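Here are the chains, one letter per residue:
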Amino acid sequence: MANVTIKEIAERAHVSQAAVSLAMHGKKGISEQTRETILRVAQELGYKRQQLSRSAQSNTVILLLSRDDGMLLPSVLQELTAWVLQFGGHLRLHTFAQVTADTQLLDDCRLLITFDTLGRAELDQLSACVPQILVLDGDYPRKPFWNLCIDYAGAAYALTKHLSELGHRSFIYFNEDLPMNKSLLCFKGFQQLILELRLPLDPVQTVMDLHSTPNVLKHFPDIIQNNNISAIICTSANAALKLTSQLRKMNFRVPQDVSVAAIVGSGFSTIPDFSLTHINLNYSQLGKEAVRLASESPKGPYEHVVVPCSPVISGNSLAAPKYDPATKKLAIALYLKEHPTLRVARAGFLNMAQQMGYQAEVVAIAGEDEEAYLRICQSLTQQDVSGVLVWLHAPKAIECLRDAGVPVVCLHSITQQTPSSGWKACISPDPQIIAENVASFFAERFHGKRGRLSISQSTSNLLEDSISSTLIRIMRKKCPEVTVTQDLMFAYHTNDTMRMVTQFVKETPDLLGAFSTCGLAAITWTMAKKTLGCSDMVVVGTDYDADSIALVKRGDLDAFVAQPIYEEAQQGVVVLDALLRGKHYEQFTQLDSPLVTKENVEKYGRLMQSIKNWYV
């Protein structure tokens with residue numbers, strides 16, 4: 001039979017065309033029985049295949065046309081044509097439908113070049129027939145492909161960073177032209193910068209996609225006004241220019257009222273008196289990088305190469321910030337100013353205030369006297385302070401600042417009071433999650449044992465009380481054979497507290513472990529445990545500092561709760577910044593408080609070192 005195709009063989013043998021190709025080329029991936037069936041059918045049909053070399057000496061390069069004709073950039077075709085002519089080869093253009101209908105077209109293929117419009121299954125099918133595949137603008141960083149991709153995430157990150165350095169703190173990410181997979185890559189870079197700066201990431205600001213919401217342009221005025229948006233990042237020049245025209249029709253001044261910038265794939269037209277701030281994706285480099293990659297000796301069975309974006313090009317789309325943080329002073333008011341944990345909070349506050357361009361003031365008292373704390377907060381009202389972070393919930397101090405018109409954010413506290421008492425937001429760890437993590441740790445270590453777990457606190461407040469009561473409730477369910485009691489209250493590691501804890505351990509022979517909501521208490525419990533030789537006693541502390549980290553590394557302290565002290569102070573600055581810019585912010589923010597053991601303590605060691613370096 002003349003002109004028998006692989007498709008006909010596949011149909012007669014009841015297998016896929018890829019399986020026929022594997023059988024014909026002697027490649028793995030099918031059973032011997034299937035291979036024998038395919039070869040027998042091919043012989044019956046009279047199929048004769050010319051054995052062509054598939055080595056590096058093959059001179060045919062196939063460019064597989066994309067379903068999207070726009071992907072075949074002239075520069076790519078020019079570069080590939082010139083390269084193939086240099087070694088006397090042939091450049092053939094086919095469609096996916098053509099090569100799957102007749103895989104003999106791939107027999108002498110040295111390299112197949114395609115675009116990422118093909119799915120993974122289709123690429124796998126082709127890889128059974130050709131020695132090497134190069135995917136242009138793809139995202140397949142694993143064998144058997146070479147992958148050449150545009151740095152979408154890097155472009156979005158660089159453009160967002162450029163705008164943030166000019167004072168922008170509230171963004172919209174707007175996509176019109178990019179397909180979903182590329183838009184997600186761009187959004188990843190945008191989100192990374194937002195998270196690094198610890199800025200709010202409100203979903204209403206980011207789910208701006210003309211594909212999914214055709215009428216989204218109509219909503220932009222309300223979104224901009226209600227969220228105090230100062231910059232819009234578009235994923236194409238066309239989208240940016242269209243948006244600019246639309247905003248101007250709605251009486252928004254661009255760039256005076258809102259800045260518009262774009263991630264650009266190719267050239268674009270302009271609007272009179274408007275030059276677009278943008279960053280180029282470097283599509284024009286795809287052809288050159290493809291030739292370079294194909295010409296060099298491969299480093300392995302697959303390579304993943306990223307085409308970097310160009311530097312940001314500034315236009316006149318940069319709105320001058322309406323709000324100048326350098327003219328504002330933020331303050332943090334602390335108890336126990338020499339407490340190691342509070343030094344961490346102070347560093348977080350000062351670091352973020354400096355990063356966001358604010359003046360910063362720290363006031364603190366040595367102890368926990370409420371009247372003394374009220375006095376230092378009153379002193380802030382005489383210093384033209386724009387916003388204050390208070391440590392723990394201090395009603396009198398908050399009311400004093402409220403009466404002076406100063407916005408207050410409470411750190412490390414939960415409260416039953418309403419914002420009408422003066423505070424604008426509360427930031428704290430989640431007592432439920434802390435209790436669950438600690439209970440799970442103790443339950444694993446106490447498995448099969450009977451005895452007692454002692455809980456101690458530094459003071460009675462809603463946060464510590466909630467952690468303790470929740471832990472008791474969870475432990476009763478997880479470990480009914482373990483009695484959980486609240487026994488001691490102390491804040492510092494002193495000789496007196498050491499004697500108190502040591503005496504308690506002596507008098508409690510069935511003590512299995514101890515947990516304290518106070519950071520320095522972990523040192524006291526650990527030393528008492530070592531002094532009395534109670535090696536089986538499980539101790540879990542709270543808060544990270546140099547001592548607790550060292551104790552965990554040595555194995556003396558079993559674990560500690562990493563309350564997000566540094567992160568709370570940082571987030572407090574972000575919240576004050578949002579409030580001062582006229583934005584709404586959630587009243588309650590609960591941050592993660594992971595349990596730290598030997599397995600993950602190094603992260604906190606590095607954090608403490610960075611805090612130490614910052615103070616230096």
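In the block above lies the structure referred to throughout.
Residues numbered from 1 in each chain as written. Predicted model: local features only at pLDDT ≥ 70, side-chain atom pairs only at ≥ 80, totals over all residues. Heavy atoms only, no water.

A.B. asks: Sorry if this is basic, but what is going on with the pattern of salt bridges here?
C.D. replies: Pairs can form between side chains of opposite charge whenever their charged atoms are close. This model, assessed by the stated rule, comprises 14 salt bridges. In this structure, Arg445 and Asp558 form a salt bridge, with 3.1 Å as the shortest nitrogen-oxygen distance. Residue Arg445 is located in helix α16 (residues 431-445), and its partner Asp558 is located in the loop between α20 (546-554) and β21 (559-561); the two are separated by 113 residues in the primary sequence. With its nearest N and O atoms 3.4 Å apart, the salt bridge here joins Asp558 to Lys529. Remark: Lys529 occurs in helix α19 (residues 521-531) and Asp558 occurs in the loop between α20 and β21; sequence separation between them is 29 residues. Exposure class is identical for Asp558 and Lys529. Each is buried. Salt bridges here are not isolated pairs; linked through shared partners, they connect Arg445, Lys529 and Asp558. (Salt bridge = Lys/Arg side-chain N within 4 Å of Asp/Glu carboxyl O. Helix = DSSP H or I, 4+ residues; strand = E, 2+ residues; numbered from the N terminus. Buried < 20%, exposed > 50% of the residue type's maximum accessible area, 1.4 Å probe, protein only.)

A.B. asks: Just checking my understanding: could you explain helix α15 (residues 395-403) for this structure?
C.D. replies: Two residues of an α-helix separated by three or four positions point the same way, owing to the 3.6 residues in each turn. Turning to α15, its buried residues number three or more, namely Ala397, Ile398, Cys400 and Leu401. Each buried residue of α15 lies within a common arc of 160 degrees when the element is viewed along its axis, so the set occupies one face. Looking at the residues trailing α15, positive phi occurs at Gly405, about 80 degrees. (Arc of directions from axis to C-beta.)

A.B. asks: It is not clear to me how the packing of helix α13 (residues 340-355) against helix α21 (residues 565-580) should be interpreted in this structure. Could you clarify?
C.D. replies: For any two helices packed against each other, one specifies the crossing angle of their axes together with the interaxial distance. Running from N to C, α13 and α21 point in directions that differ by 35 degrees, and their axes come no closer than 7 Å. Handedness of the crossing formed by α13 with α21: right-handed. On the side of α13, the interface is formed by Thr341, Val344, Ala345, Ala347, Gly348, Phe349, Asn351, Met352 and Ala353, while α21 contributes Ile565, Tyr566, Ala569, Gln570, Val573 and Val574. When the residues that make up the contact of α13 with α21 are grouped by side-chain class, the tally is 11 nonpolar, 4 polar and no charged. (Axes fitted to C-alpha atoms, helices over the stretch in contact; angles between N-to-C directions. Left-handed = near helix turned anticlockwise from the far one by under 90°. Contact = heavy atoms within 4.5 Å. Nonpolar A, V, L, I, M, F, W, Y, C, P; charged D, E, K, R; others polar.)

A.B. asks: Could you clarify how one ought to interpret unusual backbone geometry in this entry?
C.D. replies: If a residue is not glycine, its phi is most likely negative; likewise, a peptide bond is most likely trans. Here the amide bond leading from Val254 into Pro255 is cis, since omega sits at 20 degrees, within 30 degrees of zero. Mapping Pro255 onto the fold places it in the loop between α11 (237-249) and β9 (259-264). Positive phi, close to 65 degrees, is recorded for Asn282, a residue that is not glycine. Residue classification places Asn282 among the buried positions, given a relative accessible area of 18%.

A.B. asks: What should I look at first to understand the pairing of strand β14 (residues 387-391) in this one?
C.D. replies: Taken residue by residue, a regular strand's side chains alternate between the two faces of the sheet. Counting buried residues along β14, 5 of its 5 residues qualify, which places the element largely inside the surrounding structure. By the alternation rule, side chains of β14 split into Gly387, Leu389 and Trp391 and Val388 and Val390, which are all buried. Pairing of β14 with strand β15 (residues 408-411) involves 4 bridges; the strand directions are parallel. The residue of β15 that forms the bridge with Val390 is Cys410. This β-α-β element, β14 to α15 to β15, shows right-handed connectivity. (Pairing = 2+ DSSP bridges. Right-handed = clockwise from strand over helix to strand, strands pointing away.)

A.B. asks: Can you help me understand the side chain of Glu568 in this one?
C.D. replies: Mapped onto the secondary structure, Glu568 falls in helix α21. Sequence-distant contacts of Glu568, defined by excluding residues within four places in its chain, comprise Trp391, Leu411, His412, Ile427, Ser428, Pro429 and Leu591.

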